[in-house]
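Per-entry structural report
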Amino acid sequence: MRHRTKTAVVCLCIIAILTPFLAAIAISEGIRRQSMASVEAGGDLYLTFDEFGRNTAIPLKYLDEVKKIYGVTKVIPRIIGRGYVQNKLAVIVGIDKENLPKSVSCVSGRMFEQAGEVVVGIDLARHFKLQPGDQFSMRCQQRKLFNVTGLFSADASIWSSSLLFMSFKDAADLFGKQGVATDFQIYSLPGHNSEIASDLYGIFQNEPYRVQDKLMVELYFKKGFMLKEGIFSALYLVAFALGIPAILVASGFGLSERKREIGIMKATGWHTLEVLELISFEQLLISLLGATIALLLSITWVKYFNGVCIAQFFVAEAGMLPAFMLPSQFLPLPFFLSFFFSLLLTMVGSIYSSWRASTEPPVASMKL
Amino acid sequence: MIKTEGLCKWYRGHSSHKVSAVQDVTLSIVKNSFVVFKGPSGSGKTTLLNIIGTLDRPSAGEVFINGNNVTRFSDIALSGLRREKIGFIFQDFYLIPNLSSWENVSYPLVPLGISARNRYETAKTLLEKMGLGDRLAHTPEELSGGQQQRVAIARALVNRPGIIIADEPTSNVDEETGEHIRSLLKELKDNGATILVATHDASFEKPADVVFKMKNGMIG
Ligand SMILES: Nc1ncnc2c1ncn2[C@@H]1O[C@H](COP(=O)(O)OP(=O)(O)OP(=O)(O)O)[C@@H](O)[C@H]1O
Ligand SMILES: [Mg+2]
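Residues numbered from 1 in each chain as written. Chains lettered and ligands numbered in written order. Predicted model: local features only at pLDDT ≥ 70, side-chain atom pairs only at ≥ 80, totals over all residues. Heavy atoms only, no water.

What follows is about the overall build of chain A. From N to C terminus, chain A includes eleven helices and 13 strands. A compact globule built from 368 residues would reach a C-alpha radius of gyration of about 21 Å, whereas chain A, at 29 Å, exceeds it by more than 25%. Considered along the principal axes of its C-alpha atoms, chain A spans approximately 95 × 50 × 30 Å. Burial status across chain A gives 49% buried among its 368 residues. Restricting to contacts in chain A with at least 6 residues of sequence separation, those with at least 24 account for 80%. Approximately 18,100 Å² of chain A is accessible, and the part contributed by carbon and sulfur atoms is 63%. Seen as two clouds, the 35 positive and the 30 negative side-chain charges of chain A have centres 8 Å apart. (Helix = DSSP H or I, 4+ residues; strand = E, 2+ residues; numbered from the N terminus. Rg over C-alpha atoms; globule rule 2.2 N^0.38 Å. Buried < 20%, exposed > 50% of the residue type's maximum accessible area, 1.4 Å probe, protein only. Contact = heavy atoms within 4.5 Å. Areas by Shrake-Rupley, 256 points an atom, 1.4 Å probe, with all protein chains shown as cover. Lys, Arg positive; Asp, Glu negative; His and termini not counted. Charge placed at Lys NZ, Arg CZ, Asp CG, Glu CD.)

See below:
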């Protein structure tokens, strides 16, 4: 590393380009995993009513009939709604205690049991400074007081930062909708989904209902992320397009100086291949250094600074949610890709000119 | 052992008029001799020595070293020849700016896979011999012209070459150091090397076996 300034400039360019890339990949991978895990933990079929092409509440009177369908092992009615606690929107899930997702576990206090009791996601609770034993009310129904009995954490950090759980009945009271659920989660025996679907058709006949299976939900999720990733990618590409010439120019920095150096090396007995080996080795080190620093920076950015400025590309509610652990997953592949990418760029910026300088008669290269 | 036949080098300047730096030089230099090229500035001494030292290609003519026509050598063969047989002391020193004296001197040894420790020792011995034992870690810009010249001389000797080509080796040094360099070159000759020197310095005629006078690119 004889050319310190040049090395530093090239490294900085590489870092500037790669850091957002690595951070973004890690975040989107983390979110994808979390949402897939959430979908995986959910029911096999989701049943709702349909109005104007949107999901709407489904009457509870169908619950027993659905339960009786052959192949159905469990049906869980839920109410999922949103409401303001103080100044933040929280997602309220009304579900009976025994039906809570398995990944949800109390980290302090206990689960809700009686009317008016809730458990709050740990990050949400931290935001509102709620402790087990505290009471609060929702803006939509100020008269009703809720008792916090516990705080929960879940596999998905978005859950613990935005959800609160209460009994189905409390949720029905809170939203003032009796006799309906926002959806039924249907668990089924493997391979029975199409039969269940035709039985559902038999039950609902003329009602506007809608069934979505896990795969569709998964697809829907994926599509959402791909869209967000797409927006990010577009912005990133612009930055990238500016960064590539920067790297090329920077790798070409001091070209005349290097040309002279190569001439001297050739004049004192170096072989062309040895010269190119040395130059390639330097580029390898620079790329490795740049990519590694970029990786460390992106880890710091995502893990310690929670992806400020970049998270909103991937988590639509990032601005609305209280601070929460941004999900992220750093995989080796993106890192190796970045490394090879920077290697490619720095090589392109230097190998050809070095080869030219190296195959000319030394006198011609040595002249400044 | 060094022969040139009809060596010419011409440059086409911006005015598209041809400058002949070397014209039809035919000479032969026997092994283990001390040869001096003298002549006015611009007479083609540097150009001729560069071509003989395989650093430049002639426009016409041929150079033979040890009976091989090096004008026909490939890039690899030329590098090999320079590595094993030739030590070049440049008029403009041509040291690598970011390297210290000892690194510059031992740089030709890097591709040979010699350990840094051994390279350092080799360079140190040579630099001490050049009176620069206390300047090992200095970079060229921290050295005076004469000191740089001596570093360049040490580098030319690092591969123990059989042919030493010195272009104005004493142009930047005082009388005393000049004398030192002359006696060093003489000593190398006595140890079996062939020495080619281009110089304005008349004192080189004493140790010289042959003096070629150059004028307008020709040996006269
Ligand atoms: N790259 C070049 N392009 C054009 N002309 C050149 C080039 N190199 C040398 N010359 C010309 O060739 C001639 C011989 O130059 P050279 O450097 O060989 O002279 P010299 O005898 O070494 O002079 P000095 O004693 O000043 O070092 C000069 O007239 C010079 O102008
Ligand atoms: Mg000259």
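All names here are of chain B. Running from N to C, helix 5 (residues 145-157) and helix 6 (residues 175-190) cross one another at 5 degrees; their axes reach a closest spacing of 12 Å. It follows from the interaxial angle that helix 5 and helix 6 lie roughly parallel. Only Thr-177, Ile-181, Leu-184 and Leu-188 of helix 6 make contact with helix 5, whose side of the interface consists of Arg-150, Ile-153 and Leu-157. Looking at the contact of helix 5 with helix 6, its residues break down into five nonpolar, one polar and one charged. (Axes fitted to C-alpha atoms, helices over the stretch in contact; angles between N-to-C directions. Parallel < 35°, antiparallel > 145°, perpendicular 65-115°, else oblique. Nonpolar A, V, L, I, M, F, W, Y, C, P; charged D, E, K, R; others polar.)

What follows concerns empty space enclosed by the protein. Taken as a whole, this structure holds four cavities of 30 Å³ or more when the rule is applied. By volume, the largest cavity amounts to about 70 Å³. What lines the largest cavity is simply A:Ala267, A:Thr268, B:Ile86, B:Gly87, B:Phe88, B:Phe90, B:Pro108, B:Arg155, B:Ala156 and B:Asn159. Of all the secondary-structure elements, those providing two or more residues to the lining of the largest cavity are strand 6 (86-89) and helix 5 of chain B. Considering every element that reaches the lining of the largest cavity, the biggest residue donor is strand 6 of chain B, with three residues. Tallied by class, residues from the lining of the largest cavity come to six nonpolar, three polar and one charged. (1 Å grid on protein atoms, 1.4 Å probe; cavity = no way out; pocket = protein on both sides within 12 Å on 5 of 7 lines; lining within 4 Å. Points joined across faces, edges and corners; volume = space filled by probe spheres on them.)

As a further point, take the packing of helix 8 (residues 255-267) of chain A against helix 9 (residues 272-304) of chain A. Residues and elements named next belong to chain A. Here helix 8 crosses helix 9 at 140 degrees, and the two axes come no closer than 10 Å. Comparing the axis directions of helix 8 and helix 9 gives the class oblique. As for the relative orientation of helix 8 and helix 9, their crossing is right-handed in sense. Residues Arg-258, Ile-262, Met-265 and Lys-266 of helix 8 form the contact with helix 9, whose participating residues are Thr-272, Val-275, Leu-278, Ile-279 and Gln-283. In terms of residue class, the contact of helix 8 with helix 9 is built from five nonpolar, two polar and two charged. (Left-handed = near helix turned anticlockwise from the far one by under 90°.)

The next subject is the nonpolar core. Ranked by size, the top nonpolar core spans 41 residues in total, and within it B:Ile29, B:Phe37, B:Leu48, B:Ile165 and B:Leu196 carry the most contacts. The contact partners of B:Ile165, leaving out residues within four places of it in the chain, are B:Leu49, B:Ile52, B:Gly53, B:Ile86, B:Gly87, B:Phe88, B:Ile89 and B:Leu196. (Core = buried A, V, L, I, M, F, W, Y, C linked by side-chain atoms within 4.5 Å.)

Under the defined criterion, the tally for this structure stands at 24 salt bridges over all chains. Residue A:Glu117 is joined to A:Arg110 by a salt bridge in which the shortest nitrogen-to-oxygen separation is 2.9 Å. Salt-bridge contacts for A:Lys169 lead to A:Asp173; the nearest nitrogen and oxygen are separated by 3.2 Å. Here A:Lys169 pairs with A:Asp173, and both are found in helix 5 (residues 168-175), just four residues apart, close to one helical turn. With a relative accessible area of 24%, A:Asp173 lands in the partly exposed category. The network of salt bridges with common partners includes B:Glu175, B:Glu179, B:Arg182 and B:Asp201. (Salt bridge = Lys/Arg side-chain N within 4 Å of Asp/Glu carboxyl O.)

Here we take up the interface of chain A and chain B. With 23 residues of chain A at the contact, the number on the chain B side is 22 residues. Between chain A and chain B, the buried area comes to about 2,000 Å², and carbon and sulfur atoms account for 60% of it. At the surface where chain A touches chain B, the tally comes to two salt bridges. A salt bridge links B:Arg83 to A:Glu274, with the nearest nitrogen and oxygen atoms 2.4 Å apart. Linking chain A to chain B there are eight residue pairs in polar contact (both at pLDDT 80 or more). Breaking the side of chain A that touches chain B down by element, the ones donating at least two residues are helix 8, helix 9, helix 10 (332-359) and helix 11 (362-366) of chain A. With seven residues, the single largest contributor to the side of chain A that touches chain B is helix 8 of chain A. (Buried area = accessible area lost by both parts, 1.4 Å probe. Polar contact = N/O pair within 3.5 Å; in protein donor to acceptor, adjacent residues only side chain to side chain.)

Lining the immediate surroundings of ligand 1 are 14 residues, of which B:Ser41, B:Gly42, B:Lys45, B:Thr46 and B:Thr47 lie closest. Among the chains of the assembly, those with residues near ligand 1 are chains A and B. Between ligand 1 and B:Gly44 there is a distance of 3.0 Å, counted from an oxygen atom to a backbone nitrogen or oxygen. In the model, an oxygen atom of ligand 1 is placed 2.8 Å from a nitrogen or oxygen of the B:Lys45 side chain. Coverage of ligand 1 by the protein amounts to 66% of the 630 Å² it exposes when considered alone. No other element matches the three residues that helix 1 (residues 45-52) of chain B contributes to the shell around ligand 1. Looking at the shell around ligand 1 residue by residue, the classes come out as three nonpolar, eight polar and three charged. (Near = heavy atom within 4 Å.)

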